[in-house]
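Commentary on secondary and tertiary structure
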Amino acid sequence: MAEDILAPDQQEIDNYTETDIFAWANNIVRLKDELDIDLYFINKNYVLYRTRISRELKKQLEPKFIDGILEYVLDGIDNGLIVRGFEKAADEEMVLQRTQ
């Protein structure tokens, strides 16, 4: 049987710590103005391209990529959002799935 070269080794599994998404959301609010977003494109042949971004476009990236998830998590705190492992969670309301 072939070995899965992308599978994490035992040391990675043993040292894995879950990220507290709620703490992340609280911290990112005060750091939002300092974020630097890089934009990459991947074509159908899996070739990676990095792009240069104008200032006007950079101002639009934060609302597109950060604000939505941030709002979801912060609103979820008040509405009972919970985090479960992907393997244990079903398609449920107010459950944010995570995976290693």
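Please refer to the structure placed before this passage.
Just so you know, these numbers come straight off a predicted model, no measurement behind them.

A closer look at a nonpolar patch on the surface
- A cluster of nonpolar side chains, contributed by Tyr40, Ile42, Tyr46 and Leu48, occupies part of the molecular surface with about 520 Å² of accessible area.
- For Ile42, the position within the fold is in strand E1 (residues 40–42).

A short note on the environment of Phe22
- Structurally, Phe22 can be placed in helix H2 (residues 21–31).
- Residues Phe22 and Ile42 lie 20 residues apart in sequence; the distance between their C-alpha atoms is 30 Å.
- Residues within four places of Phe22 in sequence aside, it is in contact with Val73, Ile77, Leu81 and Val83.

Examining helix H3 (residues 55–79)
- End to end, H3 covers 36 Å across 25 residues, agreeing with the expected 36 Å (1.5 Å per residue, within 8%).
- The sharpest bend along H3 measures roughly 40° and falls at Ile66.
- Taken as a whole, H3 has its buried residues at Leu61, Ile66, Leu70, Val73 and Gly76.
- Buried-residue contacts for H3 involve H2 and strand E4 (95–98).
- Note on H3: the residue one or two positions beyond its end, Gly80, has a positive phi of about 85°.

The rules behind these values
- Residues numbered from 1 in each chain as written.
- Predicted model: local features only at pLDDT ≥ 70, side-chain atom pairs only at ≥ 80, totals over all residues.
- Heavy atoms only, no water.
- Patch = residues over 30% accessible without salt bridge, like charges linked within 9 Å, V, L, I, M, F, W, Y side chains within 5 Å.
- Areas by Shrake-Rupley, 256 points an atom, 1.4 Å probe, with all protein chains shown as cover.
- Salt bridge = Lys/Arg side-chain N within 4 Å of Asp/Glu carboxyl O.
- Helix = DSSP H or I, 4+ residues; strand = E, 2+ residues; numbered from the N terminus.
- Contact = heavy atoms within 4.5 Å.
- Expected span 1.5 Å × (residues − 1).
- Bend = angle between axes of the 7 residues up to and from the residue.
- Buried < 20%, exposed > 50% of the residue type's maximum accessible area, 1.4 Å probe, protein only.

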